[in-house]
Each structure stands twice: as structure tokens, then as C-alpha cells.
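Notes for the structure review
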Amino acid sequence: RHGIVNALSECAQRHGANWAASRLARAAGEFAGMVHFDVPPDSADALATSLRALDSAGLRITVARSAGGEPAAGLRSVELQLVGDDRKGIVSSLTRILAVRMVSIENMHTEIVTSPGTGRRSFKVIAHLLVPANLGNEQLHAELDGLAREMMLDVALGDRPSA
């Protein structure tokens, strides 16, 4: 329904918070998201109370506080792109490989795209990974190549430029 994002932004504005980052989307007929507000410490409790009050408007709100900051030392940013025919098990297999290698997923976007001409369904993954510094891109790519061959996927992996 309309006005959800506006309700969040007005609430933040009233408490002097800055809308720093967000991920908002409709998936499976539901609208969901995460928003990171930079808020003055003396306004944090009041903002949290105001946001929780939006529950009465039919929204489900969870408030979490974080210290923010940079990734832990010894990790580097890597961009992963993967695409192939849609099939069950791609995400499970991919994340198993990453977890075993101690790779963290900083963010991940997935989608199924249907080709207008053929009706063929492709599954796409774009992910920002935090990879241990001692795990080179070549080594990680070699492990992902097994998944790529098994599931007929194209995999691209490369260092993510610093912000």
C-alpha cells in the first residue's frame, strides 16, 4: 500500500535522523525492507519508540541498534555475479561453498528473469562478499567452477572497488 516509505521518512525526520541506506522491495506480494538511520544518540530511544508505534498502522517493525563500522581486519571486498538456467539448489550450493571458505555475504540480490522470446527462466545472483585476505580470487573461483559446471552457470568474480 502507498505511504509506507513516507511514514518511515517522516518519523526519522521528526527525530533528526538521516536516512543513510536502505533496501526496499516487493517480493512474493509483500513489501519489505531494511533502513539504516544515522540518528543522534540522544534521539535514538524516541525514534525507536516512534518506529515501533507504526505497528498500530499494520506494519511490522523491528528496531535494531548497531555500532556500524568497517568490516573486520583481514577481509576484502569481492563482487560475485552468477547466472544460469533457473533450478532448485543454486543458492544452497553457493552459500555452502562460501560458508566453508569463511566468506561472508555483505549483500545479495537474486532474481528470476524470463526471456520474452523463449520463455526460458534464468536465475541471477549479484553479491558483495567479504572474503578472507588469504583466499585469493583464483582459488575461490576454482571452487565456484565446480558448481558452475554442475549446474551450468556462468560465474564472474572480481575485487570490488573501494568506496
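Above this note sits the structure.
Quick look at the structure, then. (Residues numbered from 1 in each chain as written. Predicted model: local features only at pLDDT ≥ 70, side-chain atom pairs only at ≥ 80, totals over all residues. Heavy atoms only, no water.)

**Remarks on the sheet that holds strand E6 (residues 153-159)**
Across the sheet, four strands lie side by side as E4-E5-E3-E6; this open sheet has antiparallel pairing. The open sheet has two edge strands, strand E4 (104-114) and E6, and neither has a second partner. In this sheet, neighbouring strand axes are inclined to one another by 15° on average, regardless of whether the strands run parallel or antiparallel. For E4 and strand E5 (residues 121-132), the ladder comprises 10 bridges, and the chain directions are antiparallel. Looking across to E5, one finds that Val113 is bridged to Ser122. Strand contacts of helix H3 (residues 90-100): strand E3 (75-85), E4, E5 and E6, with the helix running at about 15° to E5, the strand carrying the most contacts. The strands touched by helix H4 (residues 137-151) within the sheet are E3, E5 and E6, with E6 carrying the most contacts at an inclination of about 165°. (Pairing = 2+ DSSP bridges. Helix = DSSP H or I, 4+ residues; strand = E, 2+ residues; numbered from the N terminus. Axes fitted to C-alpha atoms, helices over the stretch in contact; angles between N-to-C directions. Contact = heavy atoms within 4.5 Å.)

**What about the nonpolar core?**
Formed by 22 residues in total, the largest nonpolar core has its most connected members in Leu80, Leu129 and Leu144. The residues contacting Leu129, other than those within four sequence positions of it, are Arg76, Ser77, Val78, Leu80, Leu98, Val103, Ser104, Ile105, Glu106 and Leu157. Counting 11 residues, the second-largest nonpolar core is a separate cluster that includes Cys11, Ala12, Ala17 and Phe37. (Core = buried A, V, L, I, M, F, W, Y, C linked by side-chain atoms within 4.5 Å. Buried < 20%, exposed > 50% of the residue type's maximum accessible area, 1.4 Å probe, protein only.)

**Quick look at the pairing of E3**
With 11 bridges connecting them, E3 and E5 associate as antiparallel partners. Each residue of the ladder has a partner; that of Gln81, found in E5, is Ile126. As paired elements, E3 and E6 share seven bridges and run antiparallel to each other. Bridge assignment links Gly84 to a residue of E6, and that residue is Leu153.

**With respect to the packing of helix H1 (residues 4-14) against helix H2 (residues 44-53)**
Where H1 meets H2, the closest approach of the two axes is 9 Å, and the angle between their N-to-C directions is 155°. The orientation of H1 with respect to H2, classified from their angle, is roughly antiparallel. As for the relative orientation of H1 and H2, their crossing is right-handed in sense. Contact residues: Leu8, Cys11, Ala12 and Arg14 in H1; Leu47, Ser50 and Leu51 in H2. Among the residues making up the contact of H1 with H2, the classes are represented as five nonpolar, one polar and one charged. (Parallel < 35°, antiparallel > 145°, perpendicular 65-115°, else oblique. Left-handed = near helix turned anticlockwise from the far one by under 90°. Nonpolar A, V, L, I, M, F, W, Y, C, P; charged D, E, K, R; others polar.)

**Things to note about the packing of H3 against H4**
Taken N-terminus to C-terminus, the directions of H3 and H4 make an angle of 160°; their axes are 10 Å apart at the nearest point. By the angle between their directions, the pair H3 and H4 is classed as roughly antiparallel. Judged by the twist between their axes, the crossing of H3 over H4 is right-handed. Residues Ile90, Ser93, Leu94, Ile97 and Leu98 of H3 touch H4, and the partners they reach there are Leu140, Glu143, Leu144, Leu147 and Met151. Of the residues assigned to the contact of H3 with H4, the class counts are eight nonpolar, one polar and one charged.

**Remarks on H1**
The complete set of buried residues in H1 reads Ile4, Leu8, Cys11 and Ala12. Taken around the axis of H1, the buried residues stretch over an arc of 100°, which confines them to a single face. Every exposed residue of H1 that faces more than 90 degrees away from the buried side is listed here: Gln13 and Arg14. Its buried side turned inward, H1 meets strand E1 (18-27), strand E2 (30-38) and H2. (Arc of directions from axis to C-beta.)

From the geometry alone we can't say anything about function, so treat these as descriptive.
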